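# Observations on the model geometry
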Amino acid sequence: MAAALKERGIEPDEPCYNSVLLACPMSERWQKALDVLEEMRRAWRPTVDSYAAVIGACAQGRQFERALEVLAVMRESGVDPDLHCYERAIIACRHCKESVSAILVLDEMRRSGLKPSLVASNMAIEACVRDKEWLRALDLFDEMTECGVEPDVFTFNTALSACHKSGQWERALTLLDDMKRAGCEPGVHSYYCAVSACREAGQWDEAIALFGEMGLVGLQPDALTYSAVIVACQMAKKWSRVPRLVNQMRREGLEPSIHACNASIKASVHAMQYTQA
């Protein structure tokens, strides 16, 4: 870049370099951002914004190792990372399902004296969920609230997803209540996760009750939620509800899943056996 500008008689300065770096995250040109940063370091002292732009480019390019390397170079150069640098590094870890690295960056953020932001906390929790570290995700949720960071709908839904995957049905019910008290209205996905957590844990009556609650609060279940509660009805041997739910799905233009269809077949077989008896 510098050579091209010099040919035109222009000496690149700090704003010039930063303008190029800021354009890199938009185009996901992470390698270009690294090259420009290296060139800049030979002529100028990159600013916090310079480093933040490069880390952002690496995050967009799903290059979490490069993002962490830039963070390390930044500290070695005597430039203290700010909130945006840490957030973008954690986002890079989240993209690559690197929960351990995300947590390490979050811990470093705290040690530096910065309070983890909502964005940083959300991305670290989601990194854990993506990396199948569901209980760690719930621990991070607790740490976040203890630090005074108010969770939003995204935070609650990510934590509920962790409950679903780990079968933490009681925690899922608590989170739904906490969500309402915090003024974050649970949506279809929130209920789906709670219903699925109850189903996975064998708490079929709780799953069915939650499904009924959706109608009371004016939420229209999606195909995933219907399938989850239909399987719960099957497991609870509430056979008469299965075909009614499957028919209701179809009336609402939803295609029953293979699990819902299997449950419907088993319900029909049970009804035939009952009639013959």
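For the structure, check the block above.
To start, this report covers the structure provided alongside it.

### Overview of the overall build of the protein
Scanning the protein from N- to C-terminus turns up 16 helices and 0 strands. By the burial criterion, 44% of the 277 residues in the protein qualify as buried. Sequence-distant contacts, at least 24 apart, represent 60% of the contacts inside the protein between residues at least 6 apart. Carbon together with sulfur atoms contributes 51% to the accessible area of the protein, which is approximately 14,100 Å² in total.

### Some thoughts on unusual backbone geometry
Look at K97: it is not a glycine, yet its phi comes out positive at around 60°. Position of K97 among the secondary structure elements: in the loop between α6 (83–95) and α7 (99–111). Notably, K237 is not glycine yet its phi reads approximately 60°, a positive angle. Position of K237 among the secondary structure elements: in the loop between α14 (223–235) and α15 (241–251).

### What to know about the side chain of H95
By secondary structure assignment, the location of H95 is in helix α6. Excluding anything up to four places from it in sequence, H95 contacts A59, R62 and R130.

### Comments concerning the environment of I125
By secondary structure assignment, the location of I125 is in helix α8 (residues 118–130). Here I125 falls in the buried class, since its relative accessible area comes to 1%. When near neighbours in sequence (up to four residues on either side) are disregarded, I125 contacts A137, L140, F141, M144, T155 and T158.

### Overview of the nonpolar core
Membership of the largest hydrophobic core comes to 78 residues, with the highest contact counts inside it found for L71, I90, L175 and I230. Considering each element in turn, this core owes the most residues, 8 residues, to helix α12 (residues 188–200). For I90, the residues in contact, after removing those within four places along its chain, are A102, V105, L106, A120, M123 and A124.

### Some remarks on the packing of aromatic side chains
A ring pair, where both rings are aromatic, is described by two values, the distance of the centres and the angle of the planes. This model, assessed by the stated rule, comprises 2 aromatic pairs. Ring geometry for F141 against F156: centres 5.6 Å apart, planes inclined by 55°, an arrangement best described as tilted. With a gap of 15 residues between them, F141 in helix α9 (residues 134–146) and F156 in helix α10 (residues 153–166) connect regions that are remote in the sequence. In this pair, the class of F141 matches that of F156, namely buried.

### Comments concerning helix α3 (residues 30–43)
Taking 1.5 Å per residue as the helical rise, α3 with its 14 residues ought to reach 20 Å, and the 20 Å between its terminal C-alpha atoms agrees with that figure. Along α3, the residues classified as buried are A33, L34, V36, L37, E39 and M40.

### Some words on the environment of C261
Along the chain, C261 falls in helix α16 (residues 258–276). For the pair formed by C261 and I230, sequence separation is 31 residues and the distance between their alpha carbons is 9.2 Å.

### Some remarks on empty space enclosed by the protein
According to the stated counting rule, one finds 1 cavity of 30 Å³ or more in the structure shown. The volume enclosed by the largest cavity comes to roughly 50 Å³. Lining of the largest cavity is provided by L106, R110, P116, S121, I125, L140, M144, C147 and V149. Looking at the lining of the largest cavity, the elements that each hand over two or more residues are α7, α8 and α9. Partitioning the lining of the largest cavity into residue classes produces 7 nonpolar, 1 polar and 1 charged.

Rules used in this analysis
- Residues numbered from 1 in each chain as written.
- Predicted model: local features only at pLDDT ≥ 70, side-chain atom pairs only at ≥ 80, totals over all residues.
- Heavy atoms only, no water.
- Helix = DSSP H or I, 4+ residues; strand = E, 2+ residues; numbered from the N terminus.
- Buried < 20%, exposed > 50% of the residue type's maximum accessible area, 1.4 Å probe, protein only.
- Contact = heavy atoms within 4.5 Å.
- Areas by Shrake-Rupley, 256 points an atom, 1.4 Å probe, with all protein chains shown as cover.
- Core = buried A, V, L, I, M, F, W, Y, C linked by side-chain atoms within 4.5 Å.
- Phe/Tyr/Trp six-rings, centres within 6.5 Å; stacked < 30°, edge-to-face > 60°.
- Expected span 1.5 Å × (residues − 1).
- 1 Å grid on protein atoms, 1.4 Å probe; cavity = no way out; pocket = protein on both sides within 12 Å on 5 of 7 lines; lining within 4 Å.
- Points joined across faces, edges and corners; volume = space filled by probe spheres on them.
- Nonpolar A, V, L, I, M, F, W, Y, C, P; charged D, E, K, R; others polar.

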